[in-house]
Amino acid sequence: MSSSTLTPSTPPTEQDRPSAPAPRIVPRRRPGQWAAAVVLLVLLALAIRSVLRNRAFQWDVVAHYFTSTAVLRGLGLTLWLTAVVMALGFALGALLAAMRLSGNPVLRAVSWGYVWLFRSVPILVQLLFWFNIGALYPQILGVRTVNLLGPVTVAVVGLTLHEAAYAAEVVRGGILSVDRGQIEAAQALGLGRWRRSRRIVAPQAMRAIVPPAGNMLIGTLKGTSIVSVIAVQDLLYSAQLVYHRTYQVIPLLMVATLWYVAVTSVLGVGQHYVERHFARGSERR
């Protein structure tokens, strides 16, 4: 009988072993959320169907007056008033914010008092006060107040002073959001105050300023409708003039509503791109 040499068996390596199948990842089932989503979609569909099929809305009248001359003229005044109030309001607000952040206690006190006063008084009361300012000061600089301050001028003054109080806090919050170390580093490099503000503080502060400023812009656009109480022919007042003549209240209110929705939607899209522009280089976009 011939002898044979027995060789020990080599244990299988990790590569030789058959790989175990990867575990199957099963998403967590959320039946409650899906049921709530279905219910909301059904309710939304019923609401849209009710609005579209309700003859009381008189959609043919809405279509007729949607681009009428009176409505478009009121829309133009609303857009103009919004742009002027926001520009003047933020210019005055930036000045108030600088006063609030200054080392002069008098300037800080004046800025704080302005913000406190105009944020405390409702905007309707402010407009009515400025509209009747002639009762306190019949003449200003030798000119009758009634001739100097017309309804549109009163609307610009009242809304601007009101918006400036909120814009001051928005700008101040944006400046305070900038890391103090950034300013100290710029000072160490020998940059002047104006250059530090323009190249270091402003770009970083805009990240915190733009979102609330965009909300203020949309709020100002809608808030201009309050000037109709002093007979300024904005979008809402123009619609009111028409339905006071035709007694078609709901269709004309829908005309104003649709224009407000359209313009605010455009402003919202613009705000998104402005925010994305100033968010470049940040960790969260």
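Quick caveat: nothing in here was measured; it's all calculated off a predicted structure. (Residues numbered from 1 in each chain as written. Predicted model: local features only at pLDDT ≥ 70, side-chain atom pairs only at ≥ 80, totals over all residues. Heavy atoms only, no water.)

Draft legend 1. Just the pattern of salt bridges, in detail. If you walk through the whole model with that rule in mind, you get two salt bridges. The residue R100 makes a salt bridge to E169 at a minimum N-O spacing of 3.2 Å. Taken together, the residues R100 in helix α3 (residues 69-101) and E169 in helix α7 (residues 151-176) connect sequence positions 69 residues apart. Residue E169 is classed as partly exposed on the basis of its relative accessible area of 22%. When the shortest N-O distance is used, the salt bridge between E169 and R172 registers 2.9 Å. Note that E169 and R172 are positioned in helix α7 at a spacing of three residues, about one turn of the helix. Each member of the salt-bridge network shares a partner with another, and the members are R100, E169 and R172. (Salt bridge = Lys/Arg side-chain N within 4 Å of Asp/Glu carboxyl O. Helix = DSSP H or I, 4+ residues; strand = E, 2+ residues; numbered from the N terminus. Buried < 20%, exposed > 50% of the residue type's maximum accessible area, 1.4 Å probe, protein only.)

Draft legend 2. Spatial organisation of the layout of surface pockets. In this structure, the largest pocket spans a volume of roughly 1,000 Å³. Around the largest pocket, the lining comprises 31 residues; the ones closest to its centre are L101, V171, I175, S197 and V201. Put simply, the parts of the chain that give the lining of the largest pocket at least two residues each are α3, α7, α8 (180-188), α9 (193-223) and α11 (249-278). The dominant element in the lining of the largest pocket, judged by the number of residues it contributes, is α9, at 14 residues. Residues that form the lining of the largest pocket fall into these classes: 22 nonpolar, five polar and four charged. (1 Å grid on protein atoms, 1.4 Å probe; cavity = no way out; pocket = protein on both sides within 12 Å on 5 of 7 lines; lining within 4 Å. Points joined across faces, edges and corners; volume = space filled by probe spheres on them. Nonpolar A, V, L, I, M, F, W, Y, C, P; charged D, E, K, R; others polar.)

Draft legend 3. Just the packing of helix α10 (residues 235-246) against α11, in detail. At a minimum axis distance of 9 Å, the contact between α10 and α11 shows a crossing angle of 160 degrees. When the interaxial angle is binned, α10 and α11 end up roughly antiparallel. Crossing geometry of α10 relative to α11 is assigned as right-handed. Where α10 approaches α11, its residues L235, L236, A239, V242 and Y243 are matched on the opposing element by V249, L252, L253, A256, W259 and Y260. (Axes fitted to C-alpha atoms, helices over the stretch in contact; angles between N-to-C directions. Parallel < 35°, antiparallel > 145°, perpendicular 65-115°, else oblique. Left-handed = near helix turned anticlockwise from the far one by under 90°. Contact = heavy atoms within 4.5 Å.)

Draft legend 4. Here's a closer look at the UniProt feature "transmembrane region" (unreviewed entry) in the protein chain. In this numbering, the UniProt entry assigns the feature "transmembrane region" (unreviewed entry) to residues 34-52, 72-97, 109-131 and 249-270. Across residues 72-97, the secondary structure splits into 100% helix and 0% strand, with the terminal C-alpha atoms separated by 37 Å. Structurally, residues 249-270 comprises 100% helix and 0% strand, and the distance from its first C-alpha atom to its last is 32 Å. (UniProt positions renumbered as here; feature names shortened; annotations may be inferred.)

Draft legend 5. The arrangement of the side chain of T220 in detail. Tracing the sequence through the fold places T220 in helix α9. For T220, a relative accessible area of 3% gives the class buried.

Draft legend 6. Seen up close, the packing of aromatic side chains. What the rule picks out here adds up to five aromatic pairs. Here F57 and W59 contribute two aromatic rings whose centre-to-centre distance is 5.4 Å and whose plane-to-plane angle is 15 degrees, an arrangement assigned as stacked. (Phe/Tyr/Trp six-rings, centres within 6.5 Å; stacked < 30°, edge-to-face > 60°.)

Draft legend 7. Quick peek at the nonpolar core. Counting residues in each nonpolar core, the largest one holds 19 residues, and the members touching the most others are Y65, L235, L252, V255 and W259. Breaking this core down by element, the ones donating at least two residues are α2 (59-66), α3, α10 and α11. Once residues within four sequence positions are removed from consideration, Y65 is found in contact with V71, V242, T246, Q248, L252 and V255. Membership of the second largest hydrophobic core comes to 12 residues, among which are F90, V170, V178 and I209. (Core = buried A, V, L, I, M, F, W, Y, C linked by side-chain atoms within 4.5 Å.)

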